[in-house]
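Results of the structural survey
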Amino acid sequence: QSSSTAIPRRSSQIHPAMSLVDFSVAPSVSVDLASQQVETAKRAGRKGDEAAALRSLAKAQLISGAHLDALQSATTALALYRETSDRAGEAGALQLAAAVQLARGLGEEGLYAAREAVKIYKDLKDRLNEAATLYTVAEVRIMAQDFKEAQTTAQEGLDIAKSLGNKRGEALLLSTLSTARLGAGLKEEALVAKEALDACQGLPSGEAGAVEGKAIEALIAVHAARKTLDEAMDAVKPVRDRHQSAGNKSLEAATTVKLAKIHAMQDEFSSAVMVAKQAVSLAQDAGDKQCEAAARGQLARAHLAGLGNDELEQAQKFATEAAAIYRELADRSSEAAVLEVAINAVVAKEDYEEGIRIGTEALERFKFASDRRMQATMMLAIAGVHLRSQDIEGALIFFKKARATFNEIKDSRGESSAYLQIAKLATTIGDIEEALWSTQRATALFRKMKDKSGEAGILLVAADMGFAKSWGNVVQGQQSKAKQEAKEVMRNAELALGLYKSASNKPGQAVALLSIGNAHIILKDAEAALRSASDCLMICEELSLGHTRAGALLLQAGAQLAAGQVDSATAAGQEARQAFRQTGDALGDEAAANFMKDAKDVENGSLEKENFPGFYLRGTDSFQPMPRELAAKTKREDAPRAAAGGRRAPAVPTSNVLIMSPNSGDISTAFLGFETRQAGVSQTTRIRKVEEKEEPKEADIAIAGPRYRAEVPPVYAVRWQGIQAQPRKEGSKANVTEGPFRGTGFIDAGPVGAGTAFPPMFRVSAQN
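It should be emphasised that the depicted structure is a prediction, and the values quoted were computed from it without experimental measurement.

Across its full length, the protein carries 31 helices and eight strands. Relative to its full complement of 768 residues, the protein shows a buried share of 52%. If you take every contact in the protein between residues at least 6 apart in sequence, the share linking residues at least 24 apart comes to 64%. On the protein, roughly 34,000 Å² of surface is accessible, and the fraction owed to carbon and sulfur atoms is 49%.

Next comes the structure, spelled out in structure tokens:
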């Protein structure tokens, strides 16, 4: 791969499924005991008892992570309830099936089942279970980022819970309502999370844990968005003190873990480590293994945030310890989450082999446990390590394995997420055929799930492909086609923006505005670009989106430069560069530095503001320095003139390509003076001249196969099939073979861009 190939930034690869906190407390049984109860009822021919036992079995299987088994049990129970005309049982089985589908990431299937259950409960006037099912519906809509419907549904369920005096349901629905409002950008209204935490005080200590944890998480998220984490600390400390006074060390430990998280979010890493250690000690005293694992996981995250080598060693150590406890508890989802912390720690040290080892060992354990979903999850994590190590092929292999696994277990959300990752990576490296296929499949899946934000994300990948084609046309000197592609970028990005708005997804809107603004600059509409940048900045300031804000500042600077406001552009560019540095984005920093040079060139008159080309925006939100060939094409400084007639001397870029033997490392083949583009005569003329001399045979064409093509400069595709000796020209050296070549002995290579397909007609020299 070219050294300038843009690699997407590393993000969490853990596939976000959801596990509902139970709306009501009911005793649960083990999978083995529930299975025995099912067999007993079946032998006795008691269908009602069999259905009830199957519901218990489905719940036990759901808790253990056996989602497909749980779905089968719930579906069988549903059929039995319908056969016996048990409407209440039918609704309960539907509600349970919805919870299973939610855990599998299949929001749309879960939504259908939950809505059916709501209808039955309304007919039966069962208000408590109606509220419980509305809670499920709201969580499903949050998963699909449809925050508008989530708010409406959560509020309806909350009204019922309050009328019944059900504090547990009230706390859960208030937490869900807070999350939905925050997702819609309603930060002040989302403070109902404080009411959720207050509602937990009326719960028995044995029931408070999970509900209280959900309320605290919602409250922390709100205060993080409002930049008032001190208030979150003030709200959580009294809860911890109350549990301490009651002598409940388990709940005290769980609340202390939350305090450690707040310290880490405030960049108080030493305090976060100290408080997390207190949580570990409290959990050990209480004999609460689950809480101890959570505390060790938080301790690992606090160390990871320090980023020093000693801190990274500690992060790996505590994450590994937490994973061992989760393994003992058979909590594979939590195990995968903390293992990713360990992987991130070793990757931060650039020890990629260790990261792959950790992921591979976990993958083998999940295979032994027959947990297909966690296998796919760990495949995503391993793919992320390969991506960080610049191993594009390795990353694609594991992304595709994860995609296939999610498909086998019918996990549409996981499959669509994997397709999205593949589409982004394929677009980045210029494999447009793979990118198109992945975007089409992901779009179909997101539409099936009615996930507007997911569909919008795919449209932004399509916009990314449009940018790549536009720049490819620039390299080919086809400016009109470049602008046409920029218009297509605009269309896709505006469609994405509309979908994000309908889903009330403001972070997504900000990212879409980056593509829209950059397309405006390419199309020479500085005023529209400035509006897009301003809208994006407004969202970033509101939601504290640090990295996107840096991009918006750079976009604003570019729009100002295109409008001739050089001083304002310089100031905004400098601010953008500082923002990129704060977020650790080296590519963004370099892109901003290059922009500052362009601004200086405009100021001294060596670059016309109308010729400012826009930015090299990749992966939908990553501003990067332009590749050398693209920069050369977009540069408009006066070049030295040739002596004869003042005309520019034709530049013929060449490079030497060496192919090494994989065993000895010796040079096996050398292409010397490889021309990266034709000069002097048009490509069409060259093709015509070759075809006039010699028409290729059908067999030769079949062997040649499809051309390698790509859209993103400056990647080169070279297919080596061996060179057959050609008749030597007079005066040529004995060990040099010359082309053009066709058929079984050709070199198919060339610069990429704009959907071009290069015939095997390049003149090369091959030694040995």
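Here the narrative resumes, following the displayed structure.
So, on to helix H26 (residues 546–562). Between its terminal C-alpha atoms H26 stretches 25 Å, which fits the 24 Å expected from 17 residues at 1.5 Å a residue. H26 sits mainly inside the fold: 15 of its 17 residues count as buried. Once H26 finishes, Gly564 follows within two positions and takes phi at roughly 85°, a positive value.

Right, let's get into the packing of helix H1 (residues 31–44) against helix H2 (residues 47–64). Contact geometry for H1 and H2: axes closest at 8 Å, N-to-C directions at 160°. Judged by the inter-axis angle, H1 sits roughly antiparallel to H2. As for the relative orientation of H1 and H2, their crossing is left-handed in sense. Residues Val31, Ala34, Ser35, Gln37, Val38, Ala41 and Lys42 of H1 lie in contact with H2, whose contacting residues are Asp49, Glu50, Ala53, Leu54, Ser56, Leu57, Ala60, Gln61 and Ser64.

Take the nonpolar core next. Across soluble globular proteins, nonpolar side chains have a tendency to be buried as a group. With 87 residues, the main nonpolar core has Ile262, Ile343, Met378, Phe399 and Leu425 as its most contacted residues. The element that contributes the greatest number of residues to this core is helix H18 (residues 372–388), accounting for ten residues. Counting 58 residues, the second largest nonpolar core, distinct from the first, contains Ala559, Ala576, Ala591 and Phe612.

Moving on: the environment of Gly297. Tracing the sequence through the fold places Gly297 in helix H14 (residues 289–306). A C-alpha to C-alpha distance of 9.9 Å links Gly297 and Gln316, two positions 19 residues apart in sequence. Beyond its immediate sequence surroundings of up to four residues, Gly297 is in contact with Ala322 and Val338.

This part takes up helix H9 (residues 192–199). Within H9 the residues assigned to the buried category are Val192, Ala193, Ala196, Leu197 and Ala199. With its buried residues spanning 160° around the axis, H9 presents them on a single face.

Although it is not a glycine, Lys125 sits at a positive phi angle of roughly 55°. In this fold, Lys125 is placed in the loop between helix H5 (107–124) and helix H6 (127–143). Despite not being glycine, Lys524 shows a phi value in the positive range, around 65°. Tracing the backbone shows Lys524 in the loop between helix H24 (506–522) and helix H25 (526–543).

This next bit is on the confidence of the model for the protein. Of all residues in the protein, 77% attain a pLDDT of 70 or more, and the chain-wide mean is 79. Confidence drops under pLDDT 50 across residues 732–768; counting only partners more than four residues distant or on other chains, this segment forms 124 contacts.

To continue, consider the side chain of Ser73. Position of Ser73 among the secondary structure elements: in helix H3 (residues 67–83). Separated by 2.8 Å, the side chains of Ser73 and Gln61 make a polar contact. Ser73 has contacts with Leu54, Leu57, Ala58 and Gln61, leaving out every residue within four places of it along the chain.

How two aromatic rings sit relative to each other is set out by the distance from centre to centre and by the angle between their planes. Counted according to the given criterion, the structure contains six aromatic pairs. Pairing Phe467 with Trp471 gives two aromatic rings, centres 5.2 Å apart and planes at 15°, and the pair type is stacked. Placement of both Phe467 and Trp471 in helix H22 (residues 452–475) is noted, with a separation of four residues, approximately one turn of the helix. Centroid distance Trp471 to Tyr616: 4.8 Å. Interplanar angle 45°. Geometry classified as tilted. Of this pair, Trp471 sits in helix H22 while Tyr616 sits in strand E1 (residues 616–618), and the two are 145 residues apart along the sequence. Residues Trp471 and Tyr616 agree in their burial class; the two are buried. Here the basic side chain of Lys317 rests over the ring of Phe318, its NZ or CZ set 4.3 Å away from the ring centre.

Per the stated rule, a full pass over the model turns up 43 salt bridges. A salt bridge links Lys349 to Glu313, with the shortest nitrogen-to-oxygen separation between them at 2.9 Å. Linking Lys349 in the loop between helix H16 (332–348) and helix H17 (352–368) with Glu313 in helix H15 (residues 309–328), this pair joins segments that are 36 residues apart in sequence. Overall, the relative accessible area of 26% leaves Lys349 in the partly exposed class.

Attention shifts here to the environment of Gly209. Take Gly209: it is sitting in helix H10 (residues 205–226). In this structure, the C-alpha to C-alpha distance between Gly209 and Glu252, residues 43 residues apart in sequence, is 9.9 Å.

About the criteria used
- Here the residue index of a chain counts from 1 through its sequence in written order.
- Local features in this predicted model are restricted to residues of pLDDT 70 or higher, and side-chain atom pairs are both shown and tallied only at a pLDDT of 80 or more, whereas totals for entire chains, interfaces and linings draw on every residue.
- Based on all heavy atoms of the structure, the side-chain values leave hydrogens and waters out of the count.
- The helix count covers DSSP runs of H or I at least four residues long, the strand count covers runs of E at least two residues long, and both are numbered beginning at the N terminus.
- Any residue under 20% of the maximum accessible area for its type is buried, any over 50% is exposed, and the rest in between are partly exposed; the area is computed with a 1.4 Å probe on protein chains only.
- By the convention used here, residues are in contact when the closest approach between their heavy atoms is within 4.5 Å.
- Surface exposure here means Shrake-Rupley accessible area, sampled with a 1.4 Å probe, where a residue is shielded only by the protein chains that are shown.
- Here the expected span of a helix is defined as 1.5 Å times the quantity of residues minus one.
- Every axis in this analysis is a line fitted to C-alpha atoms, fitted for helices over the stretch in contact. Angles between the N-to-C directions lie between 0 and 180 degrees.
- Should an angle fall under 35 degrees it is taken as roughly parallel, and over 145 as roughly antiparallel, whereas 65 to 115 is taken as roughly perpendicular and any remaining angle as oblique.
- Note on convention: the crossing is left-handed when the near helix lies turned anticlockwise from the far helix by less than a right angle, right-handed when the turn is clockwise.
- Put simply, a nonpolar core is a bunch of buried Ala, Val, Leu, Ile, Met, Phe, Trp, Tyr and Cys residues held in one set by side-chain atoms that sit within 4.5 Å of each other.
- Here, the arc refers to the directions that run from the helix axis to the C-beta atoms.
- For every residue, the predictor states its confidence as a pLDDT score lying anywhere from 0 to 100.
- Nitrogen and oxygen atoms within 3.5 Å of one another constitute a polar contact, given that in protein one can donate a hydrogen and the other can accept it, and given that sequence-neighbouring residues count only through two side-chain atoms.
- Two aromatic rings from Phe, Tyr or Trp, using only the six-membered ring of Trp, form a pair when their centres are within 6.5 Å; if the ring planes differ by under 30 degrees the pair is stacked, by over 60 it is edge-to-face, and anything between is tilted.
- Any Lys NZ or Arg CZ found within 6 Å of a ring centre and within 35 degrees of that ring's normal is scored as a charge over the ring.
- When a carboxyl oxygen of Asp or Glu is within 4 Å of a side-chain nitrogen of Lys or Arg, the pair counts as a salt bridge.

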